[in-house]
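Next come the chains, spelled out residue by residue.
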Amino acid sequence: MIEIDGTRWDKDRLYKLVEERLGGRLFLVVSNREPYIHTLSDGKLVCHRPVSGLTEALDPVMRASKGRWIAYGSGDGDRQAVDAHNRVAVPPEKPEYSLRRVWLTDEEVRGFYLGFSNEALWPLCHVASTAPVFRDSDWEHYKRANRIFAEAVLDEIGDKEAVVLVQDYHFALLSRLLKEQKPDLTVGQFWHIPWPAYDIFRTCPWPEEILDGLLGNDLLGFHIRPFCLNFMESAKLGLETRLDMERSAVIRRGRPTIVEPFPISVDFDAIHRQASTEEVERKMAALRRELDLEGKCLGIGMDRVDYTKGIPHRLQALDRFFEDNPRYRGKVVFVQAGMPSRTEIDSYRYIGQRIEDLMTGLNRKYATDSWQPVVPMTRQLSPDELTALRRLADFCIVSSLHDGMNLVAKEYIASRTEEDGVLLLSRFTGAAVELPEALLINPFATADFAGKIKQAIEMPLEEQQRRMKAMQRTVAENNIYRWGAAIVSRLMSLAGG
Ligand code: GDG
């Protein structure tokens, strides 16, 4: 459980917490994606910072700890930017910590990242009607990549006392590998996606290895309690372990792994501030013209194109809504924004095609000369344009079939400077646990879902504001820095700090 106090957390407070609690230990973060990436543009090295809430949250932790971040070097300029130890000091404008890059061959990336991580573990954990693909060769690459990362982490640590925080499902085996070499390390891991029930999990051909790998951690975090309980049950049924429910721990060979929820979030204040800037207002005016929104109600969906996000289900519900409510034809516009992702994988190309077909079908069925019900927006939108869309939208649909947390929902809430707007949120997201004031939907129940779209459009302003204000309080208080503070301080307490 989160043990830090409930008052507002920000970058500076998180920085101080790390300074006070870390002592002389080295702090390391491991993730597949890097916080800074170097690319070559006309032969010149350019450094970018990919937009990511996780990088924002861990940035103060890394700056305060002067630590090391270990990640896969994916940029075409990455090798040129590092020193002989594969390190580069970041942030480039004012270096405060060090990024250690790990190199993987194209074949290793295919097997480890696209293969086992995203074609096996991702569908396995999401139980989203897309069958996992378990290839022996992907598993071999996954094990190998975990070993490559472990070697880099151990090389960085040397004989120092250290605390390691591992990110996500790409590294189920890493913590055990670290602990085998250095039993005194303190290692924690945050698993950003759900954990399924044991009956589902055991369809994986290597359940023992994965469970044992994760039990190399001193601390294992999930977004919400049900995922922790699923994991604990898998550990109990799948391995020789003992559960200590009072401590929320799994004991394996006498050593405990504490399993606790840490609901991730967004930088509420930063999004809220950005939403009020003139630049965002200019983008709003441009989008209003582009979409011809005068006198119309706007709904948005904004997701990575992924079969877990329930995008076809929302389009079917919209179809049903226009079918049942002809008077709203010509009056409601739905923008489906979102970048294609993982397109090297067949199931992602199929879902992209299915979404396109459904949108074309809807527009063919209802569009008139002057109105189109669904507007696909697949172009790369700038952060200002994304915020402008969120501010313009009278309602936002998040219809995941299963989702660890879902940050799109929290970003919509943080962007609502007028404290209005309606969030339709799938019951099957982690976010639904924290946001009961949203209009909760079951994406599979099309008729009910369509009814909720109508309810959103017709919701009186007063009710919108009552719900939105409550959700804003929740997200502002439980922001990304509170998540960072909770997980880092829990890890430090296990390290004895
Ligand atoms: C995993 C878990 C968990 C989306 N479309 C565009 C775009 N986005 C941004 C959103 C948001 C992020 O991507 C998506 O975050 P989510 O949390 O919704 O989903 P996943 O990517 O599946 O993340 C999830 C998360 O990890 C954190 O732990 O919440 O449950 O699945 O920030 O705004 N950004 C841009 N263009 C887009 O078209 N630039």
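Residues numbered from 1 in each chain as written. Predicted model: local features only at pLDDT ≥ 70, side-chain atom pairs only at ≥ 80, totals over all residues. Heavy atoms only, no water.

Colleague: Quick question: what am I supposed to make of the nonpolar core here?
Modeller: The nonpolar side chains of a soluble globular protein tend to be buried with one another. Membership of the largest hydrophobic core comes to 175 residues, with the highest contact counts inside it found for F231, L389, F395 and L423. Mapped onto the domain boundaries, this core takes at least three residues apiece from domain 1 (11–265 + 480–495) and domain 2 (268–477). (Core = buried A, V, L, I, M, F, W, Y, C linked by side-chain atoms within 4.5 Å. Buried < 20%, exposed > 50% of the residue type's maximum accessible area, 1.4 Å probe, protein only. Domains from an automatic or database assignment.)

Colleague: Looking at this model, I keep getting lost on the packing of helix 12 (residues 311–324) against helix 13 (residues 346–366). Mind explaining?
Modeller: The description of two packed helices rests on the angle between their axes and on the distance between the axes. At a minimum axis distance of 9 Å, the contact between helix 12 and helix 13 shows a crossing angle of 10 degrees. The angle between the axes of helix 12 and helix 13 places the two elements in the roughly parallel class. Two secondary-structure elements touch here, helix 12 through I311, P312, L315, Q316, D319, F322 and E323 and helix 13 through I351, R354, I355, L358, M359, L362, K365 and Y366. Taken together, the residues of the contact of helix 12 with helix 13 sort by class into ten nonpolar, one polar and four charged. (Axes fitted to C-alpha atoms, helices over the stretch in contact; angles between N-to-C directions. Helix = DSSP H or I, 4+ residues; strand = E, 2+ residues; numbered from the N terminus. Parallel < 35°, antiparallel > 145°, perpendicular 65-115°, else oblique. Contact = heavy atoms within 4.5 Å. Nonpolar A, V, L, I, M, F, W, Y, C, P; charged D, E, K, R; others polar.)

Colleague: Sorry, what's going on with the packing of aromatic side chains here?
Modeller: How two aromatic rings sit relative to each other is set out by the distance from centre to centre and by the angle between their planes. Within this structure, the stated rule accounts for 24 aromatic pairs. Between W122 and Y169, the ring centres sit 5.8 Å apart and the planes meet at 50 degrees, which makes this aromatic pair tilted. One end of the pair, W122, is in helix 4 (residues 106–126); the other, Y169, is in the loop between strand 7 (162–167) and helix 6 (174–181), and 47 residues separate them in sequence. Classification of W122 by relative accessible area gives buried; the value is 6%. Geometrically, the ring pair formed by F190 and W483 is edge-to-face, given 5.2 Å between the ring centres and 80 degrees between the ring planes. Here W483 lies in helix 19 (residues 480–494) and F190 lies in strand 8 (residues 186–190), a separation of 293 residues in the sequence. One exposure class covers both F190 and W483, and it is buried. Joined through ring pairs, the aromatic side chains of F112, F116, W139, Y142, F149, F171 and W206 make up one cluster. (Phe/Tyr/Trp six-rings, centres within 6.5 Å; stacked < 30°, edge-to-face > 60°.)

Colleague: I tried to follow helix 19 on my own but got confused; where do I start?
Modeller: Every α-helical turn comprises 3.6 residues, leaving residues that sit three or four positions apart pointing alike. Taking 1.5 Å per residue as the helical rise, helix 19 with its 15 residues ought to reach 21 Å, and the 21 Å between its terminal C-alpha atoms agrees with that figure. Counting buried residues in helix 19 gives 13 out of 15 residues, a clear majority hidden from the surface. The distance from a side-chain oxygen at the start of helix 19 to the backbone nitrogen of Y481 is 3.1 Å, and the residue carrying that oxygen is N479. (Expected span 1.5 Å × (residues − 1). Polar contact = N/O pair within 3.5 Å; in protein donor to acceptor, adjacent residues only side chain to side chain.)

Colleague: What exactly am I supposed to notice about the pairing of strand 4 (residues 68–72) here?
Modeller: Burial of strand 4 is extensive: five of the five residues sit out of reach of the surface. Relative to strand 4, strand 1 (residues 26–30) is paired through three bridges, and the arrangement is parallel. Looking at the pairing, V30 lines up with I70 of strand 4. In the sheet, strand 4 pairs with strand 6 (residues 97–102) via five bridges, with the strands oriented parallel. What sits directly across from I70, in strand 6, is R100. (Pairing = 2+ DSSP bridges.)

Colleague: Would you explain the pairing of strand 15 (residues 374–377) in this entry?
Modeller: In this sheet, strand 15 lies alongside strand 14 (residues 332–337) in parallel orientation, the contact comprising four bridges. By the bridge assignment for strand 15, F334 is matched with V374. As a crossover connection, the stretch from strand 14 through helix 13 into strand 15 is right-handed. (Right-handed = clockwise from strand over helix to strand, strands pointing away.)

Colleague: Would you take a moment to explain the site of the ligand for this structure?
Modeller: In the region of the ligand, 18 residues are neighbours, and H192, D403, M405, L407 and E411 sit closest. In this structure, an oxygen atom belonging to the ligand sits 3.0 Å away from a side-chain N or O atom of K309. One of the backbone nitrogen or oxygen atoms of N406 is found 3.0 Å away from an oxygen atom of the ligand. Notes on the ligand: free accessible area 730 Å², of which the protein chains cover 80%. (Near = heavy atom within 4 Å. Areas by Shrake-Rupley, 256 points an atom, 1.4 Å probe, with all protein chains shown as cover.)

Colleague: Help me understand the domain arrangement of the protein chain, please; the structure alone is not making it clear to me.
Modeller: Often, the extent of an interface is quoted as the loss of accessible area upon association of its parts. The domains assigned to the protein chain are domain 1 (11–265 + 480–495) and domain 2 (268–477). Summarising the inter-unit geometry, the C-alpha centres of domain 1 and domain 2 are found 31 Å apart. Tallying the contact residues gives 22 residues for domain 1 and 20 residues for domain 2. Interface of domain 1 and domain 2: buried area, both sides summed, is about 1700 Å²; carbon and sulfur atoms make up 67% of it. At the junction of domain 1 and domain 2, the tally comes to zero salt bridges. Our count for the contact surface shared by domain 1 and domain 2 stands at five residue pairs in polar contact (both at pLDDT 80 or more). By residue number, the principal contributor to the side of domain 1 that touches domain 2 is helix 4, which donates eight residues. Residues belonging to the side of domain 1 that touches domain 2 are distributed by class as follows: 14 nonpolar, six polar and two charged. (Buried area = accessible area lost by both parts, 1.4 Å probe. Salt bridge = Lys/Arg side-chain N within 4 Å of Asp/Glu carboxyl O.)

Colleague: Got a minute to help me understand the sheet that holds strand 13 (residues 297–302) in this structure?
Modeller: The strands making up a sheet associate through backbone hydrogen bonding, with each pair oriented either parallel or antiparallel. What the six strands build is an open sheet, ordered 15-14-13-16-17-18; its pairing is parallel. Each edge of the open sheet carries a strand with a single partner, namely strand 15 and strand 18 (439–441). With strand direction ignored, the average angle separating the axes of adjacent strands in the sheet is 20 degrees. Examined bridge by bridge, strand 13 and strand 14 share six bridges and lie parallel to one another. When the sheet's bridge partners are listed, I300 is paired in strand 14 with V335. Along the sheet, helix 12 makes contact with strand 13, strand 14, strand 15 and strand 16 (395–398), crossing strand 14 at roughly 170 degrees.

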